[in-house]
Amino acid sequence: VQLQASGGGLVQAGDSLSLSCVVSGRAFHAWNLAWFRLAPGKEREFVAGISWKNSNTWYSDSVKGRFTISRDNDKGTVYLQMNSLEPEDTAVYYCAVDTRRQAAFSRLAMRYDSWGQGTLVTVSS
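The rules behind the values
- All residue numbers refer to position in the chain's written sequence, counted from 1.
- Totals for whole chains, interfaces and linings use every residue, but because this is a predicted model, local features are given only for residues with pLDDT of at least 70 and side-chain atom pairs only at 80 or more, for both listing and counting.
- As a rule here, side-chain values cover all heavy atoms of the structure and leave hydrogens and water aside.
- Take the buried Ala, Val, Leu, Ile, Met, Phe, Trp, Tyr and Cys residues and link them wherever side-chain atoms come within 4.5 Å; each set so joined is a nonpolar core.
- Only protein chains enter the accessibility calculation, which uses a 1.4 Å probe; a residue is then buried when its area is under 20% of its type maximum, exposed when over 50%, and partly exposed in between.
- A run of H or I in DSSP counts as a helix once it spans at least four residues, and a run of E counts as a strand once it spans at least two, with each numbered from the N terminus.
- Here a residue-residue contact requires only that any non-hydrogen atoms of the pair lie within 4.5 Å.
- At least two DSSP bridges between two strands are needed for those strands to be called paired.
- Whenever a helix is involved, its axis is fitted only over the stretch in contact; in every case the axis is a line through C-alpha atoms, and angles between N-to-C directions fall within 0 to 180 degrees.

### Re the nonpolar core
- Counting 30 residues, the largest nonpolar core has W35, L80, M82 and Y93 as its most contacted members.
- For this core, the elements supplying multiple residues, two or more each, are β1 (3-6), β3 (17-23), β4 (32-38), β5 (45-50), β7 (67-72), β8 (77-82), β9 (91-98) and β11 (119-124).
- Aside from chain neighbours lying at most four places away, what touches L80 is L17, S18, L19, W35, V47, A48, F67, T68, I69 and Y93.
- If you look at the next biggest cluster of nonpolar residues, it comprises seven residues, including F36, A96, A109 and Y112.

Spelled out as structure tokens, the structure:
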């Protein structure tokens, strides 16, 4: 399984940004997907996740109401729409895949066995 993330960049506070992650693999429709982020001096943080079943979504409290995760099973792609960005959102964002088919969703990074290379999002104040 290979993941290719894109869409990061430098924006100002209040702006929007959309991340994409193309995932190779024929079982994409059966995988749970997530975005995590790693900011300088902080631990890796769960941002958002979407399940294989019914595309149910989960968000961290820090991004709820501002970020939206979605998936396109035909394109094998997971997206993260980020609105009302804040300087605290500055981080490297990673897409991740749990390749256990039809698994229960988890926010734990240890459950995800395939990771993208990361894309940097910088929000200036």
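### A closer look at the sheet that holds β3
- Spatial strand order, β1-β3-β8-β7: four strands in an open sheet with antiparallel pairing. Edge positions in the sheet fall to β1 and β7, since each has one partner strand and no second. Taken over all neighbouring pairs, the strand axes of this sheet differ in orientation by 15 degrees on average, direction set aside.
- Across six bridges, β3 lies against β8 in antiparallel orientation. Looking at the pairing, C21 lines up with V78 of β8.

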